[in-house]
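A look at the structure
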Amino acid sequence: MNHKKVRFIFVTGGVLSSLGKGLAAASLAAILQIRGYKVRLRKLEPYLNVDPGTMSPYQHGEVYVTDDGGETDLDLGHYERFTDVSATKADAVTTGQIYSEVIAKERRGDYLGATVQVVPHITDAIKEKITAEVGDEDFIICELGGTVGDIEGLPYLEAIRQLGHELGKERVLYLHLTLLPYVASAGELKTKPSQHSVKELQGMGIQPDILLCRCSQPIPQDMKEKLALFCNIKPERVIAALDVDTIYQVPVHYHDEGLDEVVCQFFGLSTPQSPNLAPWIALVDRIRNPEHEVSIAIVGKYTQHKDAYKSLVEALIHAGVSNHARVNIQWVESENLEKNFEHYIQLLHSVQGILVPGGFGQRGSEGKLKAIEYARVHKVPYLGICFGMQLAVIEFCRHVLNLPHATSTEFGPSEEPVICLLTEWLTQSGLQTRGQGDDLGGSMRLGSYPCQLKPLTKAADAYGNSPVIHERHRHRYEVNMLYRERMEAAGLSFVGLSPDGRLPEVVEMADHPWFVGVQFHPELKSRPFTPHPLFVSFIKAAIQNARIV
Ligand code: GLN
């Protein structure tokens, strides 16, 4: 670590979960970046899983995949979207990783006979992770998952307390995000839960330097002073984080409340000029004042749990902004559509685009196939992502190639395995192989892979005719190349392939206004200021479709 320069900002959360610590950390990073500082964001996860790859989307929400193949928390998606800095595996730390590494060292005898304990061995390992791979960054912003008071979080709080002690005030800032609930009967915001939460932190030896308070209305000055007094914080460092109508308003709002100024002053950094937030202001303005509206049906299995599709929703917002359109999402639960297709025909008829996102397992897949068939037959723009591409291939083989048994080996042994288990593929570090009985964790094709695009196709056009693109993957199965010739002859072309020509990455239908399936997850690389080209092209096609109707 370059100890001379980098400063650490630790973001903790109090009162309750879901206050948006990830967005708070990402927004602060964005403003510091505009001020000219190099920032890097990290997430510390108290849970015992090694990574969220094996967790249910209902439990955990989306698994965000990094370029280097890390399966991480969805907050890393916010980090990348707000800063455009690509995260790495090293930016997602879990208790599972820490313990596995410490126990492996103990087995090797690296601790030379010592009794291995939470303090100092686990806390040292946490500190190593926090400071690992740090280069020329000015700030490392580290978000601690969970809420202060959680048992699992204790070793992390101890580790960040120690870092504060070792590096000193000029290098470490503690920012605590809390909630000031509005109590209608009293007609005011309440500070008591925040006071308790700060006390809890103080009990761990951590005095927060900044209190960021989520609230539904402005905090009166006397209330800020009261909080400051009881929490031992300067009044100007008690900052309101008001509810806003779009997450992209948060950096602007924080700046208006003085957050970046307070952070810079804390570290003794001069702030002669205001940061240029004009692009963020313009972005928010475009989100709020669209010229068009389009409706897109997302047919998936986790539609009750919107966090499962976080990046997807953001990518649609970005693509909408770039097309001056508001994208209204119609969530369709695939199992309901499967059971009661007639009921959904009206809905599918009313939307301008259909999207089947990534997914796993057979449950609900027949409903998705019905939606895909509708899109193909009625020429509705269709984007199939990962599972959505695989199912588009199955639908095509069943109904166009007349292979009624076409299916994926993910659903069991198959006579017509048009989608099959990937057992070998090339990475930069050589050939990877997998077998049927391998561990589920970390054993998929993960991370960024190149893909060659065929010129003069919709995909190539969307990507501005780049011959090679790089996109992130997370899947176990692939389209079976043995069916390629038959599919292409019938109109579904393989327009994107891995450079060795063995893995189909993009398929598209010639005789259709816009029907594209991709084996990767383009939504992970969409940014508000650089929307993803495929989404932009899909939404453009949807707007054109709306005009035709
Ligand atoms: N279940 C499919 C596979 O493992 C697709 C995964 C996904 O959509 N991310 O290949």
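Please refer to the structure placed before this passage.
To keep things clear, this report deals only with the structure shown in the data block. For clarity, every value in this text was computed on a predicted model and none was experimentally measured. (Residues numbered from 1 in each chain as written. Predicted model: local features only at pLDDT ≥ 70, side-chain atom pairs only at ≥ 80, totals over all residues. Heavy atoms only, no water.)

Let us look at the site of the ligand. Neighbouring residues of the ligand: G358, G359, F360, C386, F387, Q390, E410, R474, H475, R476, Y477 and H521. In this structure, an oxygen atom belonging to the ligand sits 3.0 Å away from a main-chain N or O atom of F387. Y477 places a main-chain nitrogen or oxygen 2.8 Å from an oxygen atom of the ligand. Bound to the protein, the ligand loses 99% of the 300 Å² it would expose on its own. (Near = heavy atom within 4 Å. Polar contact = N/O pair within 3.5 Å; in protein donor to acceptor, adjacent residues only side chain to side chain. Areas by Shrake-Rupley, 256 points an atom, 1.4 Å probe, with all protein chains shown as cover.)

Moving on, we come to the sheet that holds strand β22 (residues 477–479). In spatial order, the strands read β16-β17-β22; together these 3 strands make up an open sheet with mixed pairing. Single-partner strands in this sheet number two, and they are β16 (406–408) and β22. With strand direction ignored, the average angle separating the axes of adjacent strands in the sheet is 30 degrees. Of the pairings in the sheet, the one linking β16 to strand β17 (residues 416–421) comprises 3 bridges and is parallel in character. Bridged to A406 within β17 is E416. (Pairing = 2+ DSSP bridges. Helix = DSSP H or I, 4+ residues; strand = E, 2+ residues; numbered from the N terminus. Axes fitted to C-alpha atoms, helices over the stretch in contact; angles between N-to-C directions.)

Turning to the packing of helix α7 (residues 192–203) against helix α8 (residues 221–231), a few remarks are in order. Look at α7 against α8: their axes get within 10 Å of each other, and the N-to-C directions meet at 25 degrees. Taken together, the axis directions place α7 and α8 in an arrangement best described as roughly parallel. Taken as a pair, α7 and α8 cross one another with a handedness that is right-handed. Two secondary-structure elements touch here, α7 through S194, Q195, V198 and Q202 and α8 through K226, L227, F230 and C231. Looking at the contact of α7 with α8, its residues break down into 4 nonpolar, 3 polar and 1 charged. (Parallel < 35°, antiparallel > 145°, perpendicular 65-115°, else oblique. Left-handed = near helix turned anticlockwise from the far one by under 90°. Contact = heavy atoms within 4.5 Å. Nonpolar A, V, L, I, M, F, W, Y, C, P; charged D, E, K, R; others polar.)

Before going further, it helps to examine empty space enclosed by the protein. Inspection of every chain in the model, using the stated rule, returns 1 cavity of 30 Å³ or more. Its boundaries defined by the atoms lining it, the largest cavity holds a volume of some 50 Å³. Around the largest cavity sit T12, G13, L144, G145, G146, T147, V148, G149, D150, G153 and L157, which together line it. Class assignment for the residues of the lining of the largest cavity results in 3 nonpolar, 7 polar and 1 charged. (1 Å grid on protein atoms, 1.4 Å probe; cavity = no way out; pocket = protein on both sides within 12 Å on 5 of 7 lines; lining within 4 Å. Points joined across faces, edges and corners; volume = space filled by probe spheres on them.)

The subject of this paragraph is helix α1 (residues 21–34). Between the first and last C-alpha of α1 there are 20 Å, a value that for 14 residues agrees with the 20 Å anticipated at 1.5 Å per step. The element α1 is largely enclosed, with a buried count of 12 among its 14 residues. Phi turns positive one or two residues past the end of α1, at G36, with a value near 100 degrees. (Expected span 1.5 Å × (residues − 1). Buried < 20%, exposed > 50% of the residue type's maximum accessible area, 1.4 Å probe, protein only.)

Now for the layout of surface pockets. Of the pockets and cavities examined, the largest pocket occupies roughly 970 Å³. As for the largest pocket, its lining consists of 39 residues, of which S18, L19, G20, D75 and D307 are closest to the centre. Of all the secondary structure elements, the ones that give two or more residues to the lining of the largest pocket are α1, β2 (39–45), α2 (57–60), α3 (75–83), β11 (238–242) and α9 (250–257). Counting residues per element, the lining of the largest pocket draws most heavily on α1, which supplies 4 residues.

Applying the stated criterion to the full structure yields 15 aromatic pairs. Seen from their ring centres, F266 and F267 are 5.0 Å apart, and the 85 degrees between their planes marks the pair as edge-to-face. Here the aromatic residues Y37, F139, F266 and F267 are joined through ring pairs into a cluster of three or more. Here R7 stacks its cationic end above the ring of F267, 6.0 Å away from the centre of that ring. (Phe/Tyr/Trp six-rings, centres within 6.5 Å; stacked < 30°, edge-to-face > 60°. Lys NZ or Arg CZ within 6 Å of the ring centre and 35° of its normal.)

Pairing in this open sheet of 9 strands is mixed, and the strands run β13-β12-β14-β15-β25-β24-β23-β20-β21 from one edge to the other. The sheet terminates laterally at β13 (325–333) and β21 (468–475), the two strands that pair on one side only. In this sheet, adjacent strand axes meet at a mean angle of 30 degrees when their direction is disregarded. Pairing of strand β14 (residues 353–356) with strand β15 (residues 382–385), which is carried by 3 bridges, proceeds in the parallel orientation. Note on β15: the bridge partner recorded for L355 is L383. This element, helix α12 (residues 310–322), spans β12 (292–300), β13, β14 and β15 of the sheet and lies at about 150 degrees to β13. This element, helix α14 (residues 341–350), spans β12, β13 and β14 of the sheet and lies at about 165 degrees to β13.

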